[in-house]
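Geometric and topological summary
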Amino acid sequence: MNTEKVTARRLTAQEVTELGPQDGIFVSAETEGLPLDCYAPANLSRPGKSFEGGSFTARTIFGDEIQLLPDNAEERGTWIADAAGEEIEVLQSAGILLNLALFVPGGNKESLDSLYTAAREAFGAGIVQRWSEEVVAVPEVKVDLFEEPIRGRKSPNGQNRDRRALDIYPTRVRFLEPSDGWKFVVEPHEEVVDDTPTI
């Protein structure tokens, strides 16, 4: 966890109404189930004047949406950078969480252990962790992945079909989500043959 001291001042609800989504603010970095005693950079989700009732919604740089009541003395408040203010501790970065599904050709326990060891050496033993592990034999074949509308009449020429991804391993499909109102169609991969005559 990387924090730094920032000089800022606390805003009132009236001052927040004068801000827009482009203005940088600091709000509590506390997330659900994780009480962090510092602040996170954030922006209002819409102009402050558009909110009513003294309650505002901000989105932190980590993607969390937070409800703000700036005038509530029991909350940590909403802050803005100000050289005449006081020091607060701001969370600058907390790393990136990667959920990985690794395809290891000819993989066995020894090769997975070697891969894990190499990752820990590269990023640090306290950084790389195995949260869950599932070893599945995967045929080295590929599929074509399409999206089609969930409802609607299918046309014979496939005009309503959209290529989401081509040339993909079947196991990766498990980790993708179709667009709203669309469903996945998985077909055996066919190489695209360009039969355009050449000179």
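Cut-offs and rules
- Residues numbered from 1 in each chain as written.
- Predicted model: local features only at pLDDT ≥ 70, side-chain atom pairs only at ≥ 80, totals over all residues.
- Heavy atoms only, no water.
- Helix = DSSP H or I, 4+ residues; strand = E, 2+ residues; numbered from the N terminus.
- Contact = heavy atoms within 4.5 Å.
- Core = buried A, V, L, I, M, F, W, Y, C linked by side-chain atoms within 4.5 Å.
- Buried < 20%, exposed > 50% of the residue type's maximum accessible area, 1.4 Å probe, protein only.
- Patch = residues over 30% accessible without salt bridge, like charges linked within 9 Å, V, L, I, M, F, W, Y side chains within 5 Å.
- Areas by Shrake-Rupley, 256 points an atom, 1.4 Å probe, with all protein chains shown as cover.
- Salt bridge = Lys/Arg side-chain N within 4 Å of Asp/Glu carboxyl O.
- Pairing = 2+ DSSP bridges.
- pLDDT = per-residue confidence, 0-100.

Section: the environment of Ile88
- If you trace the backbone, Ile88 turns up in strand E7 (residues 86-93).
- Residues Ile88 and Glu4, 84 residues apart in the sequence, show an inter-C-alpha distance of 8.3 Å.
- Non-local contacts of Ile88, meaning those with residues more than four positions away in its chain, are made with Glu4, Lys5, Val6, Ala8, Phe26, Tyr39 and Trp79.

Some thoughts on the nonpolar core
- Core analysis: the largest hydrophobic core is formed by 14 residues, its most contacted members being Ile25, Val27, Leu44, Phe56, Ala58 and Leu68.
- Going through the elements one at a time, helix H1 (13-17), strand E2 (25-28), strand E3 (39-44), strand E4 (56-60) and strand E5 (65-68) are the ones with two or more residues in this core.
- In contact with Val27, other than residues within four places in its own chain, are Cys38, Tyr39, Ala40, Ala42, Ala58, Thr60, Ile66, Leu68, Gly77 and Thr78.
- Judged by nonpolar contacts, the second largest core, of seven residues, contains Ala8, Tyr39, Trp79 and Ile88.

Observations regarding a nonpolar patch on the surface
- The grouping of Leu98, Leu100, Leu102 and Leu115 at the surface amounts to a nonpolar patch, some 440 Å² of accessible area in total.
- Among the structural elements, Leu102 can be located in the loop between E7 and helix H2 (109-123).
- For Leu102, a relative accessible area of 57% translates into the label exposed.

Topic: the pairing of E4
- Judged by how many residues are buried, E4 sits mostly within the fold: four of five residues are covered.
- Pairing between E3 and E4: three bridges, direction antiparallel. Looking at E4, one finds that Ala42 is bridged to Thr60.
- With four bridges joining them, E4 and E5 adopt antiparallel strand pairing. Note that in E5 the partner of Arg59 across the bridge is Glu65.
- Two successive antiparallel strands, E4 and E5, enclose a turn made up of four residues, where Gly63 displays a positive phi of approximately 90°.

With respect to the confidence of the model for the chain
- This prediction gives the chain a mean pLDDT of 82; 86% of its residues lie at or above 70.
- No element of the chain has a lower mean pLDDT than helix H3 (residues 170-173), at 74, and none a higher one than strand E6 (residues 79-81), at 95.

Some details on the pattern of salt bridges
- Evaluation of the coordinates by the stated rule reveals four salt bridges.
- Between Arg9 and Glu15 there is a salt bridge, with its nearest N and O atoms 3.0 Å apart.
- Glu15 sits in the partly exposed class, given a relative accessible area of 25%.
- Taking the relative accessible area as the measure of exposure, Arg9 reaches 32% and is therefore partly exposed.
- One salt-bridge network, held together by shared partners, links Arg9, Glu15 and Asp82.

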